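# Geometric and topological summary
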Amino acid sequence: MSLSRRRDQLKQLGIAPESAHRRPASAGNVGYSQLIGECSAYNLRNFEGAVPDVLRNDEHLPCSRSTSPGRHWLAGVVVSVSDERAPDVPEILSNAVSDRVRGVRSTDERSPRRGAPTEPRRTFLMTTVKEPGAVATSRSSRLMWAILGVVLLADALDVIDATVTNIAAPTIAAELGGGESLIKWLGPAYMLAMGVLLVVGGRLGDKFGQRKLFLLGVAGFTLASAVAGFAPDPALLIVARVAQGAFGALLIPQGMAIMTKNFDREMLGKAFGLFGPVLGISSVAGPVLAGFIISADIFGLTWRPIFLLNLVLGIIGLIVAAKVLPRDDDGDRSTVVDGWGSGLLAVTMLGLLYGLIEGSTNGWGAIAIVSIVVGVLFFVAFAYRQRTAADPLIMPSLLKNRGFTSGMLVGLVAFAAGTGLIFVLSLFLQEGLHASARTTSLGLVPLTLGLIAAGFAAMGGLVAKLGRRLVFIGLTVAVVGCGWVLALVAAYGTDVSLWALAPALLVIGVGIGFSFATIPTVALGDAKPEEAGSASGSLSSIQQLASAIGSAVVTSIFFQAAAGSGMAHAMTVTLIVVLAVTALSIPIVALMPRKAPAGPPPPPE
């Protein structure tokens, strides 16, 4: 069944917003992720007419208007019911809800108390209907765990490869040459490609099928890792990093969509429960693993195994994925992918980054200035494209939403300053304190642990309780941590010990963790249901692009200051800049939405 017909069914049942009728250019071009996002955010007041007794008389059913997971569950039943049973959707849905009521009563499940935050999970069913009214999961438990393992492996590889160069950059530059320029490009090259193509990757999955894009992403990422590991010069290494980010952008969005379409409610809850710990461990393991691998100098390869390890893991992941991922030939070929918009954004970011890095490294000559001007001009063209395109990467109405634009600005500053600071701290420990790669990776563990702990605390209920106040707390704590490190560097210079820095780095990690976890969620607080998917995808891309800009700009400031006055002075100047920029962003937090969305964040569109 076409996606547009399935959307019409949801509208007739009151589960999808009628506002979609006012968007004829994109009504048939919306992927499952946006469809689910709209359904989950839509008020179900019209649904009372379909199953009145259930919704009006049973407060325990998690399908009430105050409980977002219930809406996800209802939408999941309708969206994924088999095509041959599609005409019986009203009967199937009514019986499924009745079955759910009996299940809730039999297990004595209780609804959350009024005002309490709901569990952060999405509840969909990939179902096949064996007889009218019977809804059953279609995959074995063993297969579901295999799918989850493959998806987690892909996401872990992404996190690890995004962080390993924080530690490895000085060693790579010393061996390959390229100097400061190579150090500045290693991280941003990956994040630039990831940010530009992340939304496009999700839409390509909707268009051609998530399984195909997942396999293509794994294969491409593995090949790019091999090229990076064997790269004989800086230019090819940077190209390989861009390719890693590009294929990662094709890969990452598909995992969530595959799980959503194939996992039952219970399995999906387990999956979301594992994502946080696995990705948290990966963010710690990446730099630590890089440090130990470089120090071990395996077969005299120094830094190269940090990329070549992906070759082994990627081949294993590709073989397993090909075997376990369910075939999906239900891609919606009418889905529109804004290639022009993505191209304009890519040239914008490439021009700005190249100009900043070239100018700070080799002087502000004609090439650097022209590159920045080109970036600005293409940004203007990108903005015009977003206003006129039928299916833009960023919905124009979002830019008129004060809460979203404020969150976007705060996020740009927080992601740029935080990512850049972490990279510069690694450089300071290695270049200023002359710590080895292994010692540096261990020295930054307090920061990473603080980041992970704060992220878990935020998403575990604090963001629902505190809303934008948690953004304010996070930025303030980060400023305090930066001030603490600044005082230590001012007092001891390059003689400061890692033990003295550890508590201050922990505080910085807590501040960054609260900020990174909270800003994207709170920024969605005022988004309309039909805007939720686009807003979520836009913020994900903005996080990557801001990280790329921040890494390039902050490292440029660091090296520029170090050129004449040494590492202690460079660290001092960098900390002052990060402190000032972060402090200036704090008043803007007052313009963000007061509360985060009541339910879990919608899947990116």
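All values derive from a computational prediction rather than experimental measurement. (Residues numbered from 1 in each chain as written. Predicted model: local features only at pLDDT ≥ 70, side-chain atom pairs only at ≥ 80, totals over all residues. Heavy atoms only, no water.)

## Observations regarding the overall build of the protein chain
Under the convention used in this document: Where helices and strands are cited, they refer to DSSP runs of H or I of at least four residues and of E of at least two residues respectively, numbered from the N terminus. Between two residues, a contact is recorded if the distance between any of their heavy atoms is within 4.5 Å.
Looking only at helices and strands, one finds 20 helices and two strands in the protein chain. In the protein chain, once contacts between residues fewer than 6 apart in sequence are set aside, the share between residues at least 24 apart is 82%.

## Quick look at the nonpolar core
What counts here: As used here, the term nonpolar core means buried Ala, Val, Leu, Ile, Met, Phe, Trp, Tyr and Cys residues forming a set that is joined through side-chain atoms within 4.5 Å. When a residue's accessible area, from a 1.4 Å probe over protein chains only, is under 20% of the maximum for its type it is buried; when over 50% it is exposed; and in between it is partly exposed.
Ranked by internal contacts, the top residues of the largest apolar core, which has 109 residues, are Ile172, Phe214, Leu237, Phe263, Phe428, Phe558 and Met571. A per-element tally of this core places helix H6 (residues 141–176) first, with 16 residues. Apart from the residues lying within four places of it in its own chain, the contact partners of phenylalanine 214 are Val150, Val151, Ala154, Leu251, Gln254, Gly255, Ile258, Ala321 and Leu325.

## Topic: the packing of aromatic side chains
The line we're drawing: Geometry of aromatic contacts follows a simple scheme: Phe, Tyr and Trp rings, the Trp one being its six-membered ring, pair when their centres are within 6.5 Å, and the pair is stacked under 30 degrees between planes, edge-to-face over 60, tilted otherwise.
Scanning all chains against the criterion turns up four aromatic pairs. Considering the side-chain rings of tryptophan 303 and phenylalanine 307, the 6.2 Å spacing of their centres and the 80 degrees angle between planes classify their relative orientation as edge-to-face. On the basis of relative accessible area, tryptophan 303 is assigned to the buried category, the value being 0%. Given a relative accessible area of 0%, phenylalanine 307 falls into the buried group. Both rings, one in phenylalanine 415 and one in phenylalanine 516, keep their centres 5.0 Å apart while their planes meet at 70 degrees; by these two values the pair is edge-to-face.

## Section: the packing of helix H17 (residues 468–492) against helix H18 (residues 498–522)
The following threshold applies: Interaxial angle, 0 to 180 degrees, is taken between N-to-C directions of lines fitted to C-alpha atoms, where a helix line uses only the stretch in contact. Roughly parallel means an angle under 35 degrees; roughly antiparallel means over 145; roughly perpendicular covers 65 to 115; every other angle is labelled oblique. Crossing handedness is defined as follows: a turn of the near helix away from the far one that is anticlockwise and smaller than a right angle gives a left-handed crossing, while the clockwise case is right-handed. Gly counts as polar in this scheme, as do all residues outside two lists: the nonpolar Ala, Val, Leu, Ile, Met, Phe, Trp, Tyr, Cys and Pro, and the charged Asp, Glu, Lys and Arg.
Two elements in contact, H17 and H18, have axes whose closest approach is 7 Å; the angle formed by their N-to-C orientations is 155 degrees. The pairing of H17 with H18 is recorded here as roughly antiparallel in orientation. H18 is crossed by H17, and the crossing has left-handed handedness. A class-by-class count of the residues in the contact of H17 with H18 yields 21 nonpolar, five polar and one charged.

## Some thoughts on unusual backbone geometry
Positive phi values are uncommon outside glycine, yet phenylalanine 299 reaches one of about 55 degrees. Relative to the helices and strands, phenylalanine 299 resides in the loop between helix H10 (265–296) and helix H11 (305–324). Taking relative accessible area as the criterion, phenylalanine 299 reaches 79% and is therefore assigned exposed. Even without being a glycine, histidine 434 presents a positive backbone phi close to 60 degrees. Structurally, histidine 434 can be placed in the loop between helix H14 (402–432) and helix H15 (437–443).

## Describing the pattern of salt bridges
Quick reminder of the rule: For this analysis, a salt bridge means a side-chain nitrogen from Lys or Arg found within 4 Å of a carboxyl oxygen belonging to Asp or Glu.
A complete count under the given rule lists two salt bridges for this structure. With its nearest N and O atoms 3.9 Å apart, the salt bridge here joins arginine 304 to glutamate 175. With arginine 304 in the loop between H10 and H11 and glutamate 175 in helix H6, this residue pair connects regions lying 129 residues apart in the sequence. Arginine 304 gets classed as buried once you look at its relative accessible area, which sits at 14%. Taking the shortest distance from any N to any O, the salt bridge between glutamate 180 and lysine 184 comes out at 4.0 Å.

## Considerations on the packing of H14 against H17
Between H14 and H17, the least distance of the axes is 12 Å, while the angle of their chain directions is 30 degrees. Relative to H17, the element H14 is oriented roughly parallel. Crossing geometry of H14 relative to H17 is assigned as left-handed. Two secondary-structure elements touch here, H14 through Val410, Ala414, Leu421 and Phe428 and H17 through Val471, Leu475, Cys482 and Val489.

## Side note on H6
Applied cut-off: A residue's bend is simply the angle between two axes: one fitted to the seven residues ending at it, one to the seven starting at it.
At alanine 168, H6 is deflected by roughly 65 degrees, the largest bend along its length, and proline proline 170 occurs up to four residues later in sequence. Following H6 by one or two positions, glycine 177 has its phi on the positive side, about 85 degrees.

## Quick look at the side chain of asparagine 401
Rules: By the criterion applied in these results, polar contacts are pairs of N or O atoms within 3.5 Å in which, for protein atoms, one can donate a hydrogen and the other can accept it, and in which residues neighboring in sequence qualify only through two side-chain atoms.
Residue placement: asparagine 401 occurs in the loop between helix H13 (366–388) and H14. At a separation of 3.0 Å, a polar atom in the side chain of asparagine 401 contacts the main-chain amide nitrogen of glycine 403.

## Focus: the environment of proline 587
Looking at the element boundaries, proline 587 is found in the segment after helix H20 (567–585). Taking relative accessible area as the criterion, proline 587 reaches 57% and is therefore assigned exposed. Separated by 115 residues in the primary sequence, proline 587 and phenylalanine 472 have C-alpha atoms spaced 8.6 Å apart.

## Re a nonpolar patch on the surface
What counts here: Only residues whose relative accessible area exceeds 30% and that form no salt bridge enter a patch; like-charged residues are grouped when within 9 Å of one another, and nonpolar side chains (Val, Leu, Ile, Met, Phe, Trp, Tyr) when within 5 Å. Each accessible area is a Shrake-Rupley result for a 1.4 Å probe, and residues are judged covered by the shown protein chains and nothing else.
Judged by side-chain polarity, Val347, Trp364, Ile369, Val370, Val373, Val374, Leu377 and Phe378 come together as a nonpolar surface patch covering roughly 680 Å² of accessible area. Per-element tally for the nonpolar patch: the top contributor is H13, with six residues. Examined against the element boundaries, phenylalanine 378 turns out to sit in helix H13. For phenylalanine 378, a relative accessible area of 30% gives the class partly exposed.

## Observations regarding the side chain of serine 547
Assignment of secondary structure puts serine 547 in helix H19 (residues 532–565). Take serine 547: its relative accessible area is 7%, and that puts it in the buried class. Those residues within four positions of serine 547 in sequence are excluded, and the remaining contacts are Met191, Phe415 and Thr419.

## Side note on the environment of lysine 184
Relative to the assigned elements, lysine 184 resides in helix H7 (residues 179–208). Along the chain, lysine 184 and alanine 169 lie 15 residues apart, while their C-alpha atoms are 8.6 Å from each other. Residues within four places of lysine 184 in sequence aside, it is in contact with Ile357, Ser360, Thr361, Thr555, Ser556 and Phe559.

## So, the confidence of the model for the protein chain
To keep it simple, the criterion reads: One number per residue, pLDDT, summarises how confident the predictor is, and it ranges from 0 to 100.
Per-residue pLDDT for the protein chain averages 77, and the proportion of residues at 70 or more is 74%. Here residues 18–73 is a poorly scored stretch, pLDDT under 50, and it has 137 contacts once near neighbours within four places are set aside; other chains count. Below pLDDT 50 for its whole length, residues 100–138 participates in 87 contacts with residues either more than four positions away or in separate chains.

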